[in-house]
There are 2 protein chains.
Amino acid sequence: MTTKKVTLTDVAERAGVSTTTASYILNGRSAEMRISADAERRVREAVAHLGYRPNRNARSLRTRTTSTFGVISDFVASGHFASQMLAGASAAARASEHLLVIGETQGDPALEHLLIEEMLDRQVDGIVYATLTSLEVRVPAELKRLRTVLLNCVDPTTNIPAVLPDEYAGGRTAAGVLLDAGVTGEIHVIGEDPTPNALAGPGRLEGIRARLAEAGRSVTSVVPCHWGVEDAYDAVDAWLRRGARPAGLLCLNDRIAMGTYQALAGNGLHVPRDVSVVSFDGSELATWLRPRVVSVALPFNELGARAVQALVDPGWADVGTVRLPMPLAPGGSVRSPAVGARG
Amino acid sequence: MTTKKVTLTDVAERAGVSTTTASYILNGRSAEMRISADAERRVREAVAHLGYRPNRNARSLRTRTTSTFGVISDFVASGHFASQMLAGASAAARASEHLLVIGETQGDPALEHLLIEEMLDRQVDGIVYATLTSLEVRVPAELKRLRTVLLNCVDPTTNIPAVLPDEYAGGRTAAGVLLDAGVTGEIHVIGEDPTPNALAGPGRLEGIRARLAEAGRSVTSVVPCHWGVEDAYDAVDAWLRRGARPAGLLCLNDRIAMGTYQALAGNGLHVPRDVSVVSFDGSELATWLRPRVVSVALPFNELGARAVQALVDPGWADVGTVRLPMPLAPGGSVRSPAVGARG
DNA sequence: CTGTTAGCGCCTTCAA
DNA sequence: TTGAAGGCGCTAACAG
């Protein structure tokens, strides 16, 4: 039973109507066109019997719309981040009957250009331009002529809609956790973002500073280190050996938190008894530490979903820059008044 | 300068030739058709000048091929695994001028069915059916009528080509590391795969057993636990408290290794001085542990790439089941003769 | 209410 | 070596 291609014509024939009528019915315009109930019944029967499926390609040629969005991102691979954005985007796309075609540029502008063209050739209805980490970017010129939404990045030179996490508010949240817990000793920040054009680190730090200032406190020091586990371990270990005695630590991401945990343990310091720790990202890693580290989470799923929604939005052009809140993932890494959950 | 849609006709007109000629030239058939060098030059000039790009949709309607593959997977989101497969697949797709359209089923058969139909409606040239973890599956019937390749799963009831990691060989590798290092005491396995139809755990265990048997050794015990960090911690901690004194530990994945590390540390056991540890997956997590745990890696990128290559392969139907080797990711978790790298 | 007709943009047979 | 013409499957004026 090699299912032959069934066309609208076949359906119309079997139902004894014209393709026009069949087309109207299948596009839900039977009421509008006042198609007879009987014709409709016959067409639907034919569709079911023949197993007819419309050829979207042919339809697209006519309608100039493909129900497909393109997603251009620098890295689809690294960590569960980009992929969670994809998952959110994918779900949102389905909600509006779209499919996603993806392209990974690996940060290569030439490849990026190529992929964008490929997508345009396929007549995608819009493009989500995403970066793995929050970045200030200059989008390729061709995107400016299209229905585009930036995901996890912004281009200050254009007013293309953009969706990204509210890092500043996240920073405030993190600092607030320490304050609410009554941490009175020194509060330090671990990790300074070395990536050029990165938005996360500066935003978080700014939020932290602002919140502390409101309480008449301040960041005692910022320990610089790259955002990797080993980097953080090395930096924090050296720092502790030099005699640092922090009461609260704000790690700018979960990998830093992990390295920090290792360094604290190595120096006989216990979390949260001796030191309270709050982190950022809210990745799985945060839940793997003992005790689980309180982490201000990146809402990746929502980011992806929101970006696609912006693409679908009739008011797309005026969406502007959307900043999504970073929810708090609970843990046992902060002393006293508690932020719930198992440690 | 709102770039108007430029068609082949426009190009032909400007070049002073027929669309036929232009089409031949743009499809690289000018030699075959013995088109005059001058006509070719003029057409290329017109293309460049007009910024012409072929409408692949229109082309597809004619050629019945879309240069697009579909990827159906249960979870695109969870961890960096599926996404690495995607990255590999994406790169391989580009190599053969294809783009990927993705669909995440979340394990829901109804949704799966829907997504497959959506892809078929868009006339994809083939479908990669992927699972996040190695699984024995029953593929939906409709896929059997298509150019499909299974990724990270197999369906023993069909002979659809499949690409997955060679877990058995991986198990042998892991056991070999311990043997080569001269570990003479008890060797235990941590983690027994509770997932029904899972392939990874059983395959790895079988390989481990086989390799040890060859050396006249055997697995002293298999400590059962779910494949999560906390599960492993709890199980291993309790087990150690009961007096276990392992010399070598084979953790069935990296998360288990992490929990195991925590439990060992909590019981005053040092890696690798007191216990040698080897793990599976080769995820980033493996590199974050101190010392870095030796891990038999899942070649996710290659898996994805190979799957797409199989789809492109003219001999697709006869690809059969491909098992890719699991390379060893070095670390400092095994005593003596060393497996290179920083700990 | 339904059918006729004309493309969407491209490829390709056939004839010149 | 090139051009004219038909059609892929579908939608949408425009008649009836």
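Residues numbered from 1 in each chain as written. Chains lettered and ligands numbered in written order. Predicted model: local features only at pLDDT ≥ 70, side-chain atom pairs only at ≥ 80, totals over all residues. Heavy atoms only, no water.

Per an unreviewed UniProt entry, the recorded name for chain A is LacI family transcriptional regulator, and the organism is Nocardioides ginsengisegetis.

**Examining the packing of helix H1 (residues 8-15) of chain B against helix H2 (residues 19-26) of chain B**
Residues and elements named next belong to chain B. So the rule is basically this: To get an axis, a line is fitted to the C-alpha atoms, and for a helix only the part in contact is used. The angle between two axes follows their N-to-C directions and goes from 0 to 180 degrees. Secondary structure is summarised from DSSP: a helix means a run of H or I of at least four residues, a strand means a run of E of at least two, and numbering begins at the N terminus for each. We call two directions roughly parallel when the angle between them is under 35 degrees, roughly antiparallel when it is over 145, roughly perpendicular when it lies between 65 and 115, and oblique otherwise. Whether two residues are in contact is decided by their heavy atoms, any of which lying within 4.5 Å being enough. Only Asp, Glu, Lys and Arg are considered charged in this grouping, and only Ala, Val, Leu, Ile, Met, Phe, Trp, Tyr, Cys and Pro are considered nonpolar; every other residue, Gly among them, is considered polar.
Contact geometry of H1 with H2 gives a least axis separation of 8 Å together with a crossing angle of 105°. By the angle between their axes, H1 is roughly perpendicular relative to H2. Residues Leu8, Thr9 and Ala12 of H1 pack against Thr19, Ala22, Ser23 and Leu26 of H2. Grouping the amino acids of the contact of H1 with H2 by side-chain chemistry returns four nonpolar, three polar and no charged.

**Quick notes on the interface of chain B and chain A**
Frequently, the measure chosen for interface size is the accessible area removed from exposure when the parts meet. Which entries qualify depends on this criterion: What counts as buried area is the accessible surface, traced by a 1.4 Å probe, that two parts surrender upon association, with contributions from both included. Here, a salt bridge means any side-chain nitrogen of Lys or Arg that lies within 4 Å of a carboxyl oxygen of Asp or Glu. Residues adjacent in sequence count toward polar contacts only when both atoms are side-chain atoms; beyond that, a polar contact is any pair of N or O atoms within 3.5 Å, and within protein one must be able to donate a hydrogen and the other to accept it.
Taken residue by residue, the interface counts 58 residues in chain B and 58 residues in chain A. Carbon and sulfur atoms supply 53% of the area buried between chain B and chain A, which totals about 5100 Å² over both sides. If you look at where chain B meets chain A, you find eight salt bridges. Between A:Glu230 and B:Arg292 there is a salt bridge, with its nearest N and O atoms 3.1 Å apart. Linking chain B to chain A there are 18 residue pairs in polar contact (both at pLDDT 80 or more). If you list the elements that add at least two residues to the side of chain B that touches chain A, you get helix H4 (56-63), helix H5 (79-95), strand E2 (99-104), helix H6 (109-121), helix H9 (229-241), helix H10 (254-266) and helix H11 (284-288) of chain B. Here the side of chain B that touches chain A takes eight residues from H5(B), the largest share from any one element. Here the side of chain B that touches chain A is composed, by residue class, of 22 nonpolar, 17 polar and 19 charged.

**Concerning the domain arrangement of chain A**
All names here are of chain A. The following threshold applies: Delimitation of the domains relies on an automatic or database domain assignment.
Splitting chain A by domain gives domain 1 (8-54), domain 2 (68-165 + 300-324) and domain 3 (167-298 + 328-339). Contact with domain 2, which involves nine residues of that partner, is made by ten residues of domain 3. Run the count over domain 2 and domain 3 and you get zero salt bridges. Our enumeration of links across domain 2 and domain 3 arrives at five residue pairs in polar contact (both at pLDDT 80 or more). Among the elements that make up the side of domain 2 that touches domain 3, the one with the highest residue count is strand E3 (residues 126-136) (three residues).

**Side note on the relation of the copies chain B and chain A**
Put simply, the test is: To superpose the copies, least squares is applied to the C-alpha atoms of every residue with a pLDDT of at least 70 in both.
Turning chain B through 180° and shifting it by 0.0 Å along the axis lays it on chain A, with an RMSD of 0.1 Å. One copy is carried onto the other by what is essentially a two-fold rotation axis. Of the residues that chain B buries at the interface, 100% are likewise interface residues in chain A, meaning the two copies contact each other through the same surface.

**Points about the protein's contact with DNA strand D**
Here is the rule: By convention in these notes, a residue is near a molecule or strand provided one of its non-hydrogen atoms lies within 4 Å of it.
Taken together, 26 residues lie near DNA strand D, and A:Leu8, A:Tyr52, A:Arg62, B:Arg34 and B:Arg64 sit nearest. The side chain of B:Arg62 places a nitrogen or oxygen atom 2.7 Å from a base nitrogen of DNA strand D. A distance of 2.2 Å is found between a phosphate oxygen of DNA strand D and a side-chain nitrogen or oxygen belonging to B:Arg64. Broken down by element, the surface near DNA strand D gets its largest block of residues, four residues, from helix H4 (residues 56-63) of chain A. Split by residue class, the surface near DNA strand D holds ten nonpolar, ten polar and six charged.

**Describing the sheet that holds strand E7 (residues 221-223) of chain B**
Residue and element names in this part refer to chain B. This is how the line gets drawn: Pairing between two strands requires that DSSP report at least two bridges joining them.
Spatial strand order, E7-E6-E8-E9-E10-E12: six strands in an open sheet with mixed pairing. Two strands bound the open sheet, and with one partner strand each, they are E7 and strand E12 (328-329). Examined bridge by bridge, strand E8 (residues 248-251) and strand E9 (residues 276-281) share three bridges and lie parallel to one another. Bridge pairing links Leu250 to Val278 in E9. Of the strands in this sheet, strand E6 (187-190), E8, E9 and strand E10 (294-297) touch H10, which is tilted by about 155° from E9.

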